[in-house]
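# Architecture at a glance
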Amino acid sequence: MKSTISVLKADIGSLAGHHMVHPDTIAVATKVLSEGKKQGIINDFYPTFVGDDMEFIISHNRGELDQKVHELVWNALKEAANKAKELGLYAAGQDLLSDSFSGNLKGMGPGIAEMEIEERPSEPFVVFMADKTEPGAFNLPLYKMFADPFNTAGLVIDPALHDGFKFEVLDVYEGESIALNTPEESYDLLALIGTPDRYIVRRIYRKQDNMLAAVVTTERLNLIAGKYVGKDDPAMIVRVQHGLPALGETLEAFTVPYLVAGWMRGSHYGPLMPVSQKDARATRFDGPPRLVGLGFNLKNGRLVGPSDLFDDPAFDEVRRNANIIADYMRRHGPFMPHRLEPQVMEYTTLPKVMERLKGRFTKEEGSKKAKASIYTSTESNE
Ligand SMILES: O=C(COP(=O)(O)O)[C@@H](O)[C@H](O)[C@H](O)COP(=O)(O)O
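Please read all numbers here as calculations on a predicted model, not as lab measurements.

## Describing the UniProt feature "binding site: Mg(2+) 2" (unreviewed entry) in the chain
Those residues carrying the UniProt feature "binding site: Mg(2+) 2" (unreviewed entry) are Asp52, Asp53, Asp131 and Asp233 in this numbering. A compact arrangement is adopted by the annotated residues: their sequence extent is 182 residues, whereas the largest C-alpha distance between any two is 9.5 Å. Inspection of the secondary structure assignment puts aspartate 52 in the loop between β2 (44-50) and β3 (53-60). For aspartate 52, a relative accessible area of 2% translates into the label buried. The residues contacting aspartate 52, other than those within four sequence positions of it, are Ala10, Asp11, Ile12, Ser14, His18, His19, Met20, Val21, Asp131, Lys132 and Asp233. Within the local environment of aspartate 52, its side chain forms a polar contact with the side chain of histidine 18, the two groups lying 3.3 Å apart. Within the secondary structure, aspartate 53 is located in strand β3. With a relative accessible area of 0%, aspartate 53 lands in the buried category.

## Considerations on the side chain of serine 14
Looking at the element boundaries, serine 14 is found in the loop between β1 (3-10) and α1 (23-38). Here the side chain of serine 14 touches glycine 17 through a polar contact of 2.7 Å, landing on its backbone oxygen. Apart from residues no more than four positions distant in its own chain, serine 14 is found in contact with His19, Met20, Val21, Asp52, Leu89 and Tyr90.

## Here we look at the site of the ligand
Around the ligand, a shell composed of 16 residues is seen, among which Asp52, Tyr90, Lys132, Arg265 and Asp286 lie nearest. In this structure, aspartate 11 approaches the ligand through a side-chain N or O atom, which is 3.1 Å from an oxygen atom. One nitrogen or oxygen atom from the side chain of tyrosine 90 is found 2.6 Å from an oxygen atom belonging to the ligand. Bound to the protein, the ligand loses 79% of the 500 Å² it would expose on its own. Residues belonging to the shell around the ligand are distributed by class as follows: four nonpolar, four polar and eight charged. When we break the shell around the ligand down by domain, the ones giving at least three residues each are domain 1 (1-117) and domain 2 (119-382).

Definitions and cut-offs
Residue indices follow the written sequence of each chain, beginning from 1 at its first position. Side-chain atom pairs in this predicted model are given and counted only at pLDDT of 80 or more, local residue features only at pLDDT of at least 70, and totals for whole chains, interfaces and linings cover all residues. No hydrogens and no water enter the side-chain calculation; it runs on all heavy atoms of the structure. UniProt positions are given in the numbering used here, feature names are shortened, and annotations may be inferred rather than shown by experiment. Only DSSP runs of H or I reaching four residues or more are called helices, and only runs of E reaching two or more are called strands; each is numbered from the N terminus. Relative accessibility thresholds used throughout: buried, under 20% of the residue-type maximum; exposed, over 50%; partly exposed, between the two (1.4 Å probe, protein chains only). Residue contacts are counted whenever heavy atoms from the two residues lie within 4.5 Å of one another. N or O atoms closer than or at 3.5 Å make up a polar contact, with two conditions inside protein: a donor-capable atom paired with an acceptor-capable one, and, for residues adjacent in sequence, both atoms drawn from side chains. For each residue, the test is whether any non-hydrogen atom lies within 4 Å of the molecule or strand; if one does, the residue is near. To measure how exposed things are, a 1.4 Å probe is used in the Shrake-Rupley method; for residues, cover is taken only from the protein chains shown. Residue classes follow a fixed rule: Ala, Val, Leu, Ile, Met, Phe, Trp, Tyr, Cys and Pro count as nonpolar, while Asp, Glu, Lys and Arg count as charged, and any other residue, Gly among them, counts as polar. For the domain bounds, the source is a domain assignment made automatically or taken from a database.

What follows is the structure in structure tokens.
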């Protein structure tokens, strides 16, 4: 029988600002999921959080986008949101964009990463969860894990990885996807995924046998809701070992605190800081963007674990560097390149401020209008 790993997540309200999930909200959600486990809808689950995002790691045998599993999670999130309202938590119910459940969670606000797999004799996997950034933030580490031999020694040494991987990339603006193979199409892949707010690595398959290796949440809250309702803090599932990147090769991809979009008001670049579960709280300038990694095994459809992977002195130096980069970026204040570029700011609250300046500009004699957005034609209006 095939097993499904589902990571389903939402911000249903948080303590002291967009800071951390309140334990009482996790407790009520856990009650609902425990009931679902008793009823046999799911086999197992692990409730957790990063920053203000409640995250459920669930195992079951019902496949992806299953109505019963998603309805169970919707009910758990609703109960948690009610508790958040009762406690007066901030932004209670933020990511629950619909009043009633219909079919599955797609388009309803929660983030979804699911993989239906043939369980290997030993099935190790990692769930990475980030707060105050966006799904494209995983483009860089996924490329390093699955396509960069300077990160993943197995790409050179292990014949099972040597043929490379297939990356499925979603264009979130056009709503279309493309599959590109590595190593032979690496440059084409990089040409796309180097623009992480638009092109998001959604799934990765091992090329030699099409084995599903990684899945990322790709919901875009701002495009669903039509207005800014927070960043789409991402999560992903990465299978490891035995012909896939080793656990240590997946973690190695996070040893550089690279810059991601998000942080304060979803409007700033900042370093992604890998932290332990206990430090998975947004503090300085609502961040810096945080990443948690939990390692599990799946056995006969049940979860074994987790191990809190970044709770390790081996990542102390990465965190120290992240803080140095955070200091440096913060000194730019409201200036780019700390603040995001204008075409991305369109999905924040900035346009409301710009609206107020409309009508106050006076036309310069003889000037011509040029198109500014890279998402429209680059030709000027001659
Ligand atoms: O990015 C943020 C929240 O995003 P999130 O809920 O984590 O997706 C925060 O920085 C808020 O934008 C900031 O705290 C202002 O929040 P409001 O006061 O406008 O709610």
